[in-house]
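Remarks on the overall topology
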Amino acid sequence: MEEILRVEHLTKVYENGILANDNVSISVNRGEIHAICGENGAGKSTLMKVLFGLEQPEQGDIFVKGEPVRIQSPSAAIKLGIGMVHQHFMLVDRLTVAENVVLGNEPRRGILIDREAACRVTEELGRKYNLEVDPTALVADISVGLKQRVEIIKALLRGAEILILDEPTAVLTSQETRELFEELRHLRDAGHTILFISHKLDEVKALCNRVTIMRGGRTLGTYELEGLSKSDISRMMVGRDVVLKIEKEPASPGAVELSVRGVEYWSELGKKMIDGVSFDVRRGEILCIAGVEGNGQRELVELITGLRSGGAGSAKLRGTELLGRPIRAARKLGMAHIPSDRMVYGVASSQSVKFNILAGKVEDARYTGKLLFRDRAIDRDMEALARAYTVKCTSADQTVGMLSGGNIQKVVVAREMSQEATLLVADQPTRGIDVGAAEFIRRRIVEMRDAGVAILLITADLNEALELSDSIVILHGGKVVAYFADTRALTEEEMGYYMLGVKSQTPEEVEGAVHAS
Amino acid sequence: MHHDLSGQSAGNEALNPSAQQQRDPHRGPAGKGGGLGAPRDINSRFELIRMLVAILIGIAITALVIFAVSDTPLESLRYMFIGPATTPRYFFNVLELMLPLVFTGVAISLCFSAQQFNLTAEGIFFFGGMVAAVAAITTKLPDGLHPFFCILLAGLAGGVIGAIPGLLKYRWNASELVISLMLNYVCFSVSMYVIKNHFRDKDAGAIVSYLFEKTAVLDKVVAKYRLTTGGVVLAAAVCLLAYLFMYKTRWGFSVRAAGANMNFTRYTGLNVAFAVIGSQVLSGVVAGMGGAVEMLSMFTRFQWAALTGYGWDGVIVAIFARNNPRHVPLAALFLAYLRIGADIMMRRTGVQMEIVKVIQAIMIVLLVAESFLAKTRHRMVVREATRESIVAEEVA
Ligand SMILES: Nc1ncnc2c1ncn2[C@@H]1O[C@H](COP(=O)(O)OP(=O)(O)O)[C@@H](O)[C@H]1O
Ligand SMILES: [Mg+2]
């Protein structure tokens, strides 16, 4: 086996002080599909960005085909034969497939782009590698799977021998995933080397030859996949056996806290995103809204929490309408909200931990007199909250932006969960954070439920949905297609059928989500 | 106070022994100082370093320029940097110049803290001077009360003007920067119109107003110099109140939150309207008062013929003070000192005082340029991060 790429002792620290790659070493052979596995935040994307010249490391050596190299820009990477398919596509929607493929090194006729030549090149490459696309189609009109294929062709045209795919299947349907795998195997057989990032272990087992495991910014080692079980890999990824069981008593729901009736919402393009959604959340229960991304749950939760305006219907918190009213009013009524995007909404990242936890409690008589803040009480309680929520910081005066993702999330959670709320909207509360922090947050959610808080959970993580929630509403195409009053008998498979629109319940069954008249 | 704080930090350590390990040995105990000031960590330490380096570089380059253009460079340098401290007259000049800078510095800090780039302070300062002048000519009040009445009126007028860009921004998301720049001309023209057409003293040669009532003029600290007791007291009060407002009240909290992240401010249910409009109104009040204080301290009749430039200077002061009213006096003193120093140098050795603009420009550029010393900052961050990683390893 000939080594094509080697990284030694590489360290990358981001501006916010996060040590994303810590003494990372990896060796990749020519003609293999090499998986990189690790939890969210393990530093996989960072390593790939370094290899593609998008980030500069502090330390470490990179060798391509035995030669030491410095990769200072993506164009340098391309010259070395390294290509990358990004998690977010870098295509121009208004251009055709062929135009996108040649963008940046267009075949010319005079000063004009030679469109025919562009189409020809695209088709030739497509034929050679079994990557069929219609070169004349507009990128805006093609599916996500095809866009990805265009990205791959683009990289190949630029002479990529090593192809980096960062979580390519995250956006694909299972059919598209199978096709992608076929294409990748074909490329490997043609002599290309593929770095494949995923945390879906089935995929890794199905596709790859070897796997390098990353955890907390470090590489733990590279292993032959043959003879390695999924649970072996996952144990190494998280550093211990994953317990996704959450200890909780069955819920004993009380009165209805939030009552949503006939909510509708049209997107700016006039598409009906939410179509008559009704349900109730009672005190002491965790209700989960589940659905494949893009089926209305994003819009729904933003309408309820006031981040988005313009919907029809009603959402009442103990009888008071929330839709169309300022967030301030909802908060005063007792709503707390963990937003899905912590950097956009969740924190003021240039302010201190203390500042961020206090926000939302500034009118609390414990922390402010008629005019001035009670500094002593603020210092004491904010420090205590930071500690209680195990925020890892040097002090509560540290800038929030300097913390890691999981710790920033804990700051958000510390604030929202100490709000004396009667309704907690938890929108992807554990996305992109380490297992320890996730487990902690889930436990706190259950504790709040037991204390009688009504909890509306929105999560894309099916396991979390099943383990954490007491009942589930499933959205498909903006409609409620299923309601399960008890999640204990429900399986991920069954949920999948409803989420993908394969099955749907009768209107009477769906009515079950509505408890009060 | 001190006793409480040290007692408390000891308590923290007792409760959380592991916090001690993670803590930076150079920084002292956590929680020291307390309250809701700006974050204190590697970033704030770095910002201080950056400011000092910027100032040193500015001064060094100025010195080089002086060496290049002056026949007597050493003497010029001495006048420039030591001159203002050599005689009481010069020193009072520094203080007289410092006062308007304190007002506009606080005014600009208030709206910059909320990320509202409202520069109407320039126009409002002028307008406030006019309002105070008119009130000082037309009203009759007892001695102690009269100037404060004029100043109050100017402050109110300033608040009303400051509200205009604030409201337009809040209601229609109109750029407060563009509107404030245009408002400056409006303020100037309206003020000149009022003075020219209604209060011009035709017996005086230039375009100046009638004399103020004697009762309206502020009393001097020392008869020889123009620094006024009322001006000093008001400037100090404005700094103190603005500081308390910004760092010790919930309204100031919302202003700072808005400055850091507007989405966050809305989402946490803080008062966004206040943050946007209130910060600009208060800024206007302070700028208006500043104009009035200047008018009633330095003059006995309105005699400005052009915008004063103190509003723009306020931007420089605010940048040096990091938008914190507590640091405004020092920043204003620094700028005033440089200006007077350059003036002395010009009068004594003929080196143009525009040299001070060079220092200012260099320091401002260095301060606002994100990437200045970015490598140093990055090294500090890397050092901290790798050290934490090693500590974590030892603990594990
Ligand atoms: N541009 C960035 N600036 C600051 N921190 C970042 C940046 N990108 C990633 N990080 C942080 O670096 C760590 C590793 O991230 P990443 O490489 O994206 O992990 P992965 O791809 O394995 O999920 C995370 O803690 C993440 O929050
Ligand atoms: Mg990633």
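Counting of residues starts from 1 at the beginning of each chain's written sequence and follows it residue by residue. Chains carry letters from A onward and ligands carry numbers from 1 onward, assigned in written order. Since the coordinates come from a predicted model, pLDDT governs what is reported: local features require at least 70, and pairs of side-chain atoms require 80 or more to be given and counted, while whole-chain, interface and lining totals use all residues. Calculated side-chain values reflect all of the structure's heavy atoms, with hydrogen atoms and water omitted.

All right, on to the overall build of chain B then. Broken down by element type, chain B carries 16 helices and 0 strands. Buried means the residue's accessible area, taken with a 1.4 Å probe over protein chains only, is under 20% of the maximum for its type, while exposed means over 50%, and partly exposed covers the values in between. Across the 396 residues that make up chain B, the buried fraction comes to 54%. Whether two residues are in contact is decided by their heavy atoms: any pair within 4.5 Å suffices. For chain B, long-range pairs separated by at least 24 residues make up 74% of all intrachain contacts whose partners lie at least 6 apart in sequence. A 1.4 Å probe and the Shrake-Rupley method give the accessible areas. Residues count as covered only by the protein chains that appear here. Here chain B displays about 17800 Å² of accessible surface, and carbon together with sulfur accounts for 67% of that area. The helix and strand labels rest on DSSP assignments: H or I over at least four residues marks a helix, E over at least two residues marks a strand, and numbering proceeds from the N terminus.

For chain A, the helix and strand inventory stands at 18 helices and 22 strands. With C-alpha atoms as the basis for the radius of gyration, the globule rule is written as 2.2 Å multiplied by the number of residues raised to the power 0.38. The C-alpha atoms of chain A give a radius of gyration of 25 Å, which matches the 24 Å a tight globule of 517 residues would have. Along the first, second and third principal axes, the C-alpha set of chain A runs to 70 × 55 × 50 Å. A separation threshold of at least 6 residues defines the contact pool for chain A, and within that pool the share at least 24 residues apart is 66%. In the structure as shown, chain A presents an accessible area of about 22000 Å², 50% of it carried by carbon and sulfur atoms. Think of it this way: Lys and Arg go in the positive column, Asp and Glu in the negative one, and His and the chain ends go nowhere. By convention, the point assigned to a charge is CZ for Arg, NZ for Lys, CD for Glu and CG for Asp. With 65 positive and 74 negative side-chain charges, chain A shows a spacing of 4 Å between the two charge centroids.

Now for the pattern of salt bridges. Note on definitions: salt bridges are taken to be side-chain nitrogens of Lys or Arg within 4 Å of carboxyl oxygens of Asp or Glu. Using the criterion set out here, one finds 49 salt bridges over all chains in the structure. Glu3 of chain A is the salt-bridge partner of Arg6 of chain A, the closest N and O atoms lying 2.6 Å from each other. The class for Arg6 of chain A is partly exposed, based on a relative accessible area of 30%. Asp343 of chain B serves as the salt-bridge partner of Arg347 of chain B, at 2.8 Å between the closest nitrogen and oxygen. One end of the pair is Arg347 of chain B and the other is Asp343 of chain B, both in helix H14 (residues 328-349) and 4 residues apart, which spans about a single turn. When its relative accessible area of 53% is taken as the criterion, Arg347 of chain B is described as exposed. Counted as one network, the salt bridges with shared partners bring together Glu2, Arg30, Lys65 and Glu161 of chain A.

Glancing now at the site of ligand 1. Residue and element names in this part refer to chain A. What makes a residue near a molecule or strand is one non-hydrogen atom of that residue sitting within 4 Å of it. Near ligand 1, the surroundings consist of Tyr14, Asn16, Ile18, Ala20, Glu39, Asn40, Gly41, Ala42, Gly43, Lys44, Ser45 and Thr46. In the analysis that follows, any N or O atom pair within 3.5 Å is treated as a polar contact, provided that within protein one partner can donate a hydrogen and the other can accept it, and provided that, for residues neighboring in sequence, both atoms belong to side chains. At 3.2 Å, a backbone N or O of Ala42 approaches an oxygen atom of ligand 1. With respect to ligand 1, the side chain of Ser45 contributes an N or O atom lying 2.7 Å from an oxygen atom. Here ligand 1 has 560 Å² of accessible area as a free molecule, and 71% of this is covered by the chains. For the shell around ligand 1, the residue count by class is 4 nonpolar, 6 polar and 2 charged. Note that Gly is not counted as nonpolar here; it falls among the polar residues with everything else outside the nonpolar set of Ala, Val, Leu, Ile, Met, Phe, Trp, Tyr, Cys and Pro and the charged set of Asp, Glu, Lys and Arg.

This next bit is on the domain arrangement of chain A. Residue and element names in this part refer to chain A. Here the limits of each domain have been adopted from an automatic or database domain assignment. If you check the domain split of chain A, you get domain 1 (3-238), domain 2 (243-334 + 420-517) and domain 3 (346-419). Placing the centre of domain 2 and that of domain 3 at their C-alpha centroids yields a distance of 27 Å. Counting residues at the interface gives 16 residues for domain 2 and 13 residues for domain 3. The term buried area means the drop in 1.4 Å probe accessible area that two parts suffer when joined, counted for both and summed. Together domain 2 and domain 3 conceal approximately 1200 Å² of surface at their shared face, both sides included; 59% is due to carbon and sulfur atoms. Of all residues in domain 2, Arg331, Glu420 and Phe440 bury the most surface against domain 3, accounting for 39% of the area lost on that side. For the interface between domain 2 and domain 3, the tally reads 4 salt bridges. With a closest N to O distance of 3.4 Å, Arg328 and Glu363 form a salt bridge. At the junction of domain 2 and domain 3, the tally comes to 6 residue pairs in polar contact (both at pLDDT 80 or more). Looking at the side of domain 2 that touches domain 3, the element that brings in the most residues is helix H15 (residues 435-450), giving 6 residues.

Right, let's get into the pairing of strand E18 (residues 335-338) of chain A. For a regular strand, the rule is simple: side chains alternate between the two faces of the sheet. Residues and elements named next belong to chain A. Of the two faces of E18, both are covered, the one formed by Met335 and His337 as well as the one formed by Ala336 and Ile338. Bridge analysis of E18 against strand E19 (residues 423-427) gives 4 bridges, and the strand direction is parallel. Bridging from a neighbouring strand, Ile338 pairs with Ala426 of E19. In this scheme, strands are said to pair when DSSP sees at least two bridges between them.

Contacts between the two partners involve 46 residues from chain B and, on the opposite side, 58 residues from chain A. Across the chain B to chain A interface the summed buried area is about 4500 Å²; carbon plus sulfur atoms make up 54%. The closest approach of N and O atoms between Arg40 of chain B and Asp397 of chain A, which form a salt bridge, is 2.7 Å. Taken together, the connections running from chain B to chain A amount to 15 residue pairs in polar contact (both at pLDDT 80 or more). At 9 residues, the largest contribution of residues to the side of chain B that touches chain A is made by helix H16 (residues 374-395) of chain B. The class makeup of the residues in the side of chain B that touches chain A is 16 nonpolar, 17 polar and 13 charged.

Now for the confidence of the model for chain B. The predictor attaches a confidence to each residue, and that confidence, scored 0 to 100, is pLDDT. The predicted model of chain B has a mean per-residue pLDDT of 85, with 89% of residues at 70 or higher. Here the predicted complex scores 0.80 on pTM and 0.83 on ipTM.

All names here are of chain A. Taken together, 6 strands build an open sheet; the order of strands is E18-E19-E20-E15-E21-E22 and the sheet is mixed. Only two strands of the sheet have a single neighbouring strand rather than two, namely E18 and strand E22 (479-484). On average, each strand axis in the sheet is tilted by 20° relative to the strand beside it, whichever way the strands run. Where strand E15 (residues 286-290) meets strand E21 (residues 471-476), 4 bridges bridge the pair, whose relative direction is parallel. Opposite Cys288, over in E21, you have Ile472 as the bridge partner. In this description, a line fitted to the C-alpha atoms serves as the axis of each element, helices being fitted only across the stretch in contact, and the angle between N-to-C directions of two axes falls anywhere from 0 to 180 degrees. Against the sheet, helix H9 (residues 297-305) contacts E15, E18, E19, strand E20 (454-458) and E21, and its axis sits at roughly 145° relative to E19. Relative to E21, helix H17 (residues 492-499) is tilted by about 35°, and along the sheet it contacts E15, E21 and E22.

So, about the sheet that holds strand E10 (residues 193-197) of chain A. The pairing of strands in a sheet comes from backbone hydrogen bonds and takes either a parallel or an antiparallel form. Residue and element names in this part refer to chain A. Here we have 6 strands laid out as an open sheet, ordered E6-E9-E10-E3-E11-E12, and mixed in their pairing. Taken across any chain shown, the strands that pair with only one partner, and hence form the sheet edges, are strand E6 (82-85) and strand E12 (218-224). Averaged over all adjacent pairs, the angle separating strand axes in this sheet is 20°, with direction ignored. By the bridge criterion, 6 bridges tie strand E11 (residues 210-215) to E12 in an arrangement that is antiparallel.

The subject of this paragraph is the pairing of E6 of chain A. All names here are of chain A. Residues Ile82 and Met84 of E6 are buried on one face, and the alternating residues Gly83 and Val85, pointing to the opposite face, are buried as well. Taken together, the 4 bridges between E6 and strand E9 (residues 162-166) define a ladder with parallel strand orientation. Bridge assignment links Gly83 to a residue of E9, and that residue is Leu163.

The subject of this paragraph is a nonpolar patch on the surface. Side chains of Phe117, Leu177, Val178, Leu181, Met182 and Trp312 of chain B sit close together on the surface and give an oily, nonpolar patch of about 520 Å² of accessible area. Structurally, Trp312 of chain B can be placed in helix H13 (residues 310-320). Candidates for patches are residues over 30% relative accessible area with no salt bridge; among them, like charges are joined within 9 Å and nonpolar side chains (Val, Leu, Ile, Met, Phe, Trp, Tyr) within 5 Å.

Let us now look at H9 of chain A. Among the 9 residues that make up H9 of chain A, 8 are buried, leaving the element largely enclosed by the rest of the structure. Just beyond H9 of chain A, the residue with positive phi is Gly306 of chain A, at close to 90°.

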